[in-house]
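Reading the structure
Here are the chains, one letter per residue:
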Amino acid sequence: MREELDDLQIFLSTRWAILLNLHVEMFRVNNVEDILQVLIVFVVESLELNFALLFPERYILLRVLPVLVVLAASSEKDSESLYKRVKINRLINIFKNDPVIPAFPDLHLSPAAILKELSTYFPKFSAQTRLLTLSSPHELLPREAQDYQRQYLIINHIGAIRAEHDDFSIRFASALNQLSLLRSMDGADVEWAKEVKGNVYDMVVEGFQLLSRWTARIWEQCAWKFSRPCKDPVSTESHEASFSDYEKVVRYNYSADERKALVELVSYIKGIASLMQKSDTLVADALWETVHAEVQDFVQNTLATMLRTTFRKKKDLSRILSDMRTLSADWMANTSKPDSEMPAFQQGGEESRANFFYPRPVAPTAAQVHCLQYLIYEVVSGGNMRKPGGLFGNTGSDIPVNDLKQLETFFYKLGFFLHILDYSATVAMLTDVGFLWFREFYLESSRVIQFPIECSLPWMLVDHVIESQNAGLLENVLMPFDIYNDAAQQALVVLKQRFLYDEIEAEVDNCFDIFISKFCDAVFTYYKSWAASELLDPSFLFALDIGEKFSVQPMRFSGLLKMTRVKLLGRTINLRSLTTERINKVFRENIEFLFDRFETQDLCAIVELEKLLEILQLAHELLSKDLTLDSFSLMLNEMQENVSLVSYSSRLASQIWTEMQNDFLPNFILCNTTQRFVRSSKVPPAPVPKPSVPHAKPNFYCGTQDLNSAYQSYARLHSAFFGLPHMYSTVRLLGSRSLPWLIRALLDHLSNKITTLEPLITGLQDALPKSIGLLPFDGGVAGCVRIVQDHLNCWQSKSELKIEALRGIKEIGSVLYWMSLLDIVLREVDTSQFMQTAPWLGLTPGVDGQLVQFQDSEDSPIISLFKSIATTSNPSFSNPSSLRVLSRQAEAADLLYKSNINAGSVLEYSLAFTSAALDKYCSKWSVIPKTGFVDITTSKDFYRIYSGLQMEYLEEAVQAQPSRHGMLGDSIAWGGCTIIYLLGQQLHFELFDFSHQVLNVAEVEVAAIASAHKNPHIVQGLEGLLEAMKKGRRMNNHVFSMLKARCPLEDKQACAIRQSGAPLHRIKFDNTVSAFETLPQKGA
């Protein structure tokens, strides 16, 4: 064992040991120089005339030629005779044309480097200066390297390759169609059949040559990249300070265009290979028949002619030709046709008749082919290895040129036959691109177990296709995974190394998981962008000069999304199923993100939430055409935690209620003119704890950055207020299931506010003076204002009570106005639904605007339709009971929709609820006078408290900063006037309100001054207060007019609430003055 280890160590430590030992042994054989020269001549001719059908054969010739030249030039007998048969310029041209030769998957050879290194071991060869001055790849000048790059890089040839691929695909398909037509015909013409099968043979040979040339391009580019590593790699990761050698030759050595060209070429190779593999059984007989016909025509006809003419007197050569005929002639094929039917040539007699044989799918064996090649060589060389010229050169030969040309042509055809007959193995070998994965040399030199997948060339190609979003490459995204299949096949079958297969399998598992994730993200991003682009306003895009950037370029994902059988390392993967599962998860994550994001914003973001969910729903609809996804409503309910049948709340409804309770009602004020709530700049925002804004990729918004910017601009239009657009979004998002829960929660909040307000009002009532009379007209405006201030000085110690009372009334008003906006939206929605269902229910409008049902039938049209179908006997209908079921379902639907026609008003229900909540405090806030007459001076009812509060905040609105109106808005009027109206105190308020009385005094005073033709200097300094009082009075009148229209006190029973909590809705009531006719007018 020790001796074996010592010998192994000595062998490994000696470079070129095998070649040196071969050199010593081979020159002990006689005439070995002639053998080397014959080999060199054969190699040179094969390379120059491109007779190698497959690229491995060419690389073998290129690798062996430098060694043969060194051995031949090192001969001690006649080293210079080589250059007499092969000019040195021919060798130099071959070495210059191929400065880099692929040797192994991750190794390359350089003829120039081999020659230079062997010159130190073979002293006689060191005198060949012309060969030794050839440049190695790393020694090339920049200009020379640039020229070689044009030769080696695929990107410089991809245009021609693309044209070759398209042309061959069309012609090969045409040849297959003709062959299929021939097989379907009986008694087809023999000559046409021979032509069709010959065309198929030619197409197969051309296909092999194309595949060989294309795969060789990839080999040669890889070898060139390995020989010219990237000098200055640029990494996107700043923490990387050094780069491995493998990263320099692979990861950073391929530009984006080069990766694109490589993916395209691999796709062409695999596409043509698939086309040829599928037609294996179809073309097999045609190929064998054509090969059989070629061989038999040569040995039975061509050789027979040569025997009769050229070789008739040459017994030795005639014997060889006869052996060739005996070896491979199929005499049974030419005896199956009667002599009378055989075509005969008329130029000569019986001897010149050509043999006719039926084509048979019987191909020659490999032994026959090799024997024929050897015998042809014997005929041509005559046993003289020193014959000048090439293998088939006619110098010194007495064989005619035409015969020599026929022998040469058939000699090289025999080399093709072996590959043609082994059809499947040849296709597999020509399309094997597994060498792109192997990196064992660099693993050993870098002393690492494995490189990251970012350095793996197959994954780099897959990642490039996904990241580049190139529509032309997208359908080829799975093609680079065939590199792993080829590498695994080579590891197990050729190299028989299980550890290599395990490494490939581990990388494939990791890469395919990442691929599924990236692919699904790309699919989701595309469909999300498509949906966002579709929902953009077309007029907006038309008006923009840069509207093109909001459009989405079409991508062909449909073919990939329908793939159910992807072969990978012997396994069949359902890509469609994996993609569907992942996309369903992404949709749920997106919905979850949108809700999380909404929870970090205020209630004004509800419009943006609806728009983003609308985009997501449209993307789901577009994707559902290619994938079987879960229902969007189901996913939405899951994310809203609203799947249970007994759950009437939802995550969104709860969040809206939380926002209203914590932020909207305390911090937003109402602008009645615009019908909007805006955030008060005067009120310090209450500290509401909210989660941080979640981070997400752009595809969780609208898909791309440009579309995100467009929709963010749209969202900003609605981010500073809450109005009708937000209410529409709220209704559509919550739906009929969660909206009642939110309404009930708000009404309960309103009831709690009234309860909270009761002790505050009581405290203010107790502080009021016992007697407050009417304001005297003789005191003037200034005097009246001072009197009111004297009356309200009693509340100076109750400032906290006043503030809390005003805020409570303001929140009540905000809730009621919010309900009025909701009522407007729901009425429009109900009207739209009613217009769709009314014709089916048989409802028409009457003369007075009421609903009228058809009188000519007791049933509605939908019931009558299904009943008539159910009663009609139709023998062709197999299941008449189903029609009766439909008829009963129509009756149920009729009852359901008719019961929803008289749906009540949310605002009226809210007012009725508020009225019921106020009944508990009616005895305290609306005391019945003991005398039965109106109590003018001693009344402390609610209207008196609200009048004082209104007077004070109007004064502060004019004088103090921040203004009280900016803190309370118009909601205070809605809250206070609603309570006053429902307590029946509207007339009392209008009579005894302080601001009303001051305005009355001011009107009288101004009129008196105007009649006396004096300047109205008395009211100077109070103009702002009087104007604020006028605005307040107009606002109060507007609210009272709205309340009279929606909840008239004379019809109060119609607004009552049953014990169950359901409202008694009014169906018909007298029309009142429209609220919009009583809006405040300028100068009123």
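A short tour of the structure in this document, coming up. (Residues numbered from 1 in each chain as written. Predicted model: local features only at pLDDT ≥ 70, side-chain atom pairs only at ≥ 80, totals over all residues. Heavy atoms only, no water.)

**What about the packing of aromatic side chains?**
If you walk through the whole model with that rule in mind, you get 44 aromatic pairs. Taking 5.9 Å as the distance between ring centres and 65° as the angle between the ring planes, the aromatic pair formed by Phe55 and Tyr59 counts as edge-to-face. Here the residue Phe55 and the residue Tyr59 both occupy positions in helix α4 (residues 55-73), the gap between them amounting to four residues, near one helical turn. Ring geometry for Phe515 against Phe519: centres 5.5 Å apart, planes inclined by 20°, an arrangement best described as stacked. (Phe/Tyr/Trp six-rings, centres within 6.5 Å; stacked < 30°, edge-to-face > 60°. Helix = DSSP H or I, 4+ residues; strand = E, 2+ residues; numbered from the N terminus.)

**Let's talk about the environment of Phe438**
By the element assignment, Phe438 lies in the loop between α18 (423-430) and α19 (440-446). Looking at Phe438, the relative accessible area reads 5%, which means it is buried. Through-space distance from the C-alpha of Phe438 to that of Pro105 is 5.8 Å; in sequence the pair is 333 residues apart. Beyond its immediate sequence surroundings of up to four residues, Phe438 is in contact with Pro105, Asp106, Tyr246, Ala487, Gln490, Ala491, Leu495 and Leu500. (Buried < 20%, exposed > 50% of the residue type's maximum accessible area, 1.4 Å probe, protein only. Contact = heavy atoms within 4.5 Å.)

**A closer look at the side chain of Thr290**
The topology assignment puts Thr290 in helix α14 (residues 280-308). Under the relative-accessibility criterion, Thr290 is labelled buried at 10%. A polar side-chain atom of Thr290 sits 3.4 Å from the main-chain carbonyl oxygen of Lys197. Residues in contact with Thr290, not counting those within four places in the same chain, are Lys197, Gly198 and Tyr201. (Polar contact = N/O pair within 3.5 Å; in protein donor to acceptor, adjacent residues only side chain to side chain.)

**As for the pattern of salt bridges**
Scanning the entire structure with this criterion turns up 42 salt bridges. For Lys197, the salt bridge identified is with Glu289, shortest N-O distance 2.4 Å. A residue pair is termed long-range when its members are at least 10 positions apart, and Lys197 in helix α11 (residues 190-227) and Glu289 in helix α14 qualify at 92 residues. Looking at Lys197, the relative accessible area reads 17%, which means it is buried. With a shortest N-O distance of 3.5 Å, Lys611 and Glu614 are connected by a salt bridge. Placement of the pair is Lys611 and Glu614 together in helix α27 (residues 606-623), with a separation of three residues, close to one helical turn. A residue is classified by how much of its surface remains accessible, and Lys611, at 18% relative accessible area, is buried. Among the ionic contacts, a cluster of salt bridges with common partners joins Glu592, Asp596, Glu599 and Arg651. (Salt bridge = Lys/Arg side-chain N within 4 Å of Asp/Glu carboxyl O.)

**Examining the pairing of strand β6 (residues 676-679)**
In this sheet, β6 lies alongside strand β5 (residues 668-671) in antiparallel orientation, the contact comprising four bridges. Residue pairing across strands places Ile669 opposite Val678, the latter belonging to β6. A loop of four residues connects β5 with β6, the two strands running antiparallel in sequence, and Gln675 in this loop sits at a positive phi of about 60°. In this sheet, strand β7 (residues 721-722) lies alongside β6 in antiparallel orientation, the contact comprising two bridges. Counted as the bridge partner of Phe677 is Phe722 from β7. (Pairing = 2+ DSSP bridges.)

**Some thoughts on the nonpolar core**
Ranked by size, the top nonpolar core spans 301 residues in total, and within it Ile218, Phe515 and Trp818 carry the most contacts. Among residues more than four places away in sequence, those in contact with Phe515 are Trp459, Val462, Ile466, Val477, Leu478, Phe481 and Leu575. Counting eight residues, the second largest nonpolar core, distinct from the first, contains Val100, Leu140, Ala145 and Ala223. (Core = buried A, V, L, I, M, F, W, Y, C linked by side-chain atoms within 4.5 Å.)

**Describing the sheet that holds β5**
Strand order in the open sheet formed by three strands is β5-β6-β7, with antiparallel pairing between adjacent strands. Strand pairing shows two members of the sheet lacking a second neighbour, β5 and β7, which therefore form its edges. Its contacts with the sheet put helix α29 (residues 651-667) on β5, β6 and β7, and the angle it makes with β5 is roughly 45°. (Axes fitted to C-alpha atoms, helices over the stretch in contact; angles between N-to-C directions.)

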